[in-house]
Amino acid sequence: VNKKAGPFSVFSRGRYETIEGSPPSQEQIGIVNIPNYYFGGSITPGREYMSPRGYSGSQLGNQAFMGTVELRAPVLPLNIIEVLKLIQFGRPTFALFSDFGRITDSKEELILTTGAELRFSILLANSPLFMFSYGWAQTPGQWSEDWNKINDPSYDQSIEIGPKPYFQMTLINPF
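Basis of the calculations
Residues numbered from 1 in each chain as written. Predicted model: local features only at pLDDT ≥ 70, side-chain atom pairs only at ≥ 80, totals over all residues. Heavy atoms only, no water. Helix = DSSP H or I, 4+ residues; strand = E, 2+ residues; numbered from the N terminus. Buried < 20%, exposed > 50% of the residue type's maximum accessible area, 1.4 Å probe, protein only. Contact = heavy atoms within 4.5 Å. Areas by Shrake-Rupley, 256 points an atom, 1.4 Å probe, with all protein chains shown as cover. Core = buried A, V, L, I, M, F, W, Y, C linked by side-chain atoms within 4.5 Å. 1 Å grid on protein atoms, 1.4 Å probe; cavity = no way out; pocket = protein on both sides within 12 Å on 5 of 7 lines; lining within 4 Å. Points joined across faces, edges and corners; volume = space filled by probe spheres on them. Polar contact = N/O pair within 3.5 Å; in protein donor to acceptor, adjacent residues only side chain to side chain. pLDDT = per-residue confidence, 0-100. Patch = residues over 30% accessible without salt bridge, like charges linked within 9 Å, V, L, I, M, F, W, Y side chains within 5 Å. Salt bridge = Lys/Arg side-chain N within 4 Å of Asp/Glu carboxyl O. Pairing = 2+ DSSP bridges. Phe/Tyr/Trp six-rings, centres within 6.5 Å; stacked < 30°, edge-to-face > 60°. Lys NZ or Arg CZ within 6 Å of the ring centre and 35° of its normal.

Asks: Any chance you could explain the overall build of the protein here in plain terms?
Replies: Looking only at helices and strands, the protein has one helix and 10 strands in total. Reading the secondary structure of the protein in the N-to-C direction produces β-β-β-β-β-β-β-β-β-α-β. Taking the principal axes of its C-alpha atoms as reference, the protein extends roughly 55 × 55 × 30 Å. In the protein, which comprises 175 residues, the share counted as buried stands at 35%. For the protein, the share of sequence-separated contacts (at least 6 apart) that also reach a separation of at least 24 residues comes to 63%. Total accessible area on the protein stands at roughly 10,500 Å², and carbon and sulfur atoms take up 60% of it.

Asks: What should I look at first to understand the nonpolar core in this one?
Replies: Across soluble globular proteins, nonpolar side chains have a tendency to be buried as a group. With eight residues, the main nonpolar core is built from Ile29, Ile31, Met50, Tyr55, Ala64, Met66, Ile103 and Ile111. Listed by contribution, the elements that provide at least two residues to this core are strand S3 (29-31) and strand S5 (63-74). When neighbours within four sequence positions are excluded, Ile103 is seen to be in contact with Gly30, Ile31, Gln59, Leu60, Gly61, Gln63 and Ala64.

Asks: Help me understand the layout of surface pockets in this model?
Replies: Empty space left among the atoms is revealed by rolling a probe the size of a water molecule over them. Approximately 780 Å³ is the volume found for the largest pocket. For the largest pocket, the lining is made up of 40 residues, of which Ser51, Pro52, Arg53, Gly54 and Gln168 are closest to its centre. Those elements giving two or more residues to the lining of the largest pocket turn out to be strand S2 (8-18), S5, strand S8 (111-124), strand S9 (127-138) and strand S10 (166-169).

Asks: Would you mind showing me how to read the environment of Ser51 here?
Replies: If you trace the backbone, Ser51 turns up in the loop between S3 and strand S4 (59-61). Apart from residues lying up to four places away in sequence, Ser51 is in contact with Val32, Asn33, Ile34, Asn36 and Met66. One polar contact links the side chain of Ser51 to the main-chain carbonyl oxygen of Ile34, over a distance of 3.2 Å.

Asks: So what exactly am I meant to see when it comes to the confidence of the model for the protein here?
Replies: Regions with low pLDDT should not have their predicted coordinates read in detail. When the pLDDT values of the protein are averaged, the result is 86; 93% of them are 70 or greater. At the low end of the mean pLDDT range in the protein sits strand S6 (residues 79-83), at 63; at the high end sits S5, at 93.

Asks: I would appreciate a short explanation of a nonpolar patch on the surface in the present structure.
Replies: Among the surface-exposed residues, Phe8, Val10, Val69, Leu71, Val75, Leu76, Phe94, Leu96 and Leu118 lie close enough to one another that they form a single nonpolar patch of about 710 Å² accessible area. If you list the elements that add at least two residues to the nonpolar patch, you get S2, S5 and strand S7 (87-103).

Asks: Looking at this model, I keep getting lost on the pairing of S5. Mind explaining?
Replies: Consecutive residues of a regular strand have side chains that alternate between opposite faces of the sheet. Here S2 pairs with S5 via 10 bridges, running antiparallel. When the sheet's bridge partners are listed, Arg15 is paired in S5 with Met66. Note that S5 and S7 share 11 bridges and pair antiparallel. Each residue of the ladder has a partner; that of Thr68, found in S7, is Asp99.

Asks: Would you take a moment to explain the packing of aromatic side chains for this structure?
Replies: Note on aromatic pairs: each is described by the distance of the centres and the angle between the planes. Applying the stated rule across the entire model yields six aromatic pairs. Look at Tyr134 and Trp136: their rings are 5.2 Å apart centre to centre, the planes differ by 85 degrees, and that puts the pair in the edge-to-face class. The class for Trp136 is partly exposed, based on a relative accessible area of 35%. Here the aromatic residues Phe39, Phe120, Phe130, Phe132 and Phe167 are joined through ring pairs into a cluster of three or more. The residue whose ring lies beneath Arg53 is Phe97, and the NZ or CZ to ring-centre distance is 3.7 Å.

Asks: Explanation requested: the side chain of Ser51 in the structure shown.
Replies: Residue Ser51 is classed as buried on the basis of its relative accessible area, which comes to 17%. A distance of 3.0 Å separates a polar atom in the side chain of Ser51 from the backbone oxygen of Val32.

Dropping the structure here:
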């Protein structure tokens with residue numbers, strides 16, 4: 001679902017997978033920390049993994065669900081660089097998001113991550129070729145712990161806190 005809300009866009013997506021029998025290890029369903037590769041904003045060569053942004057573990061099973069909700073806004077409604085009107089770099093957008101997922105046939109809790117990312121695209125003759133995102137994400141509990149550390153007067157500034165930034169290809173092309 002992709003709905004306009006003034007200058008913003010609200011995007012949501014859900015995905016459910018199930019497998020029966022005894023699949024080989026490489027075919028097992030799970031929520032994992034494996035990057036996906038997307039071309040044209042939606043084409044995945046090979047398998048698309050259920051990989052919440054900011055998640056570093058793995059859960060495997062026979063049934064899995066993953067979803068995302070995003071609030072997106074254009075940073076600049078134009079291309080930053082154009083090369084002979086053929087290759088364009090730009091259409092930057094900003095997104096606040098929450099990814100969630102669960103292995104439905106396990107006792108594990110719901111995986112929930114939240115974060116923010118900046119996206120930009122590379123277009124070939126006005127068609128999206130690659131969309132990249134640079135962002136930060138982690139669980140709400142980790143955000144809360146970091147906030148408490150920052151507000152603690154005894155916090156040692158030399159200790160690094162916060163989510164590790166990531167740079168990856170993204171599923172949805174910017175505006």
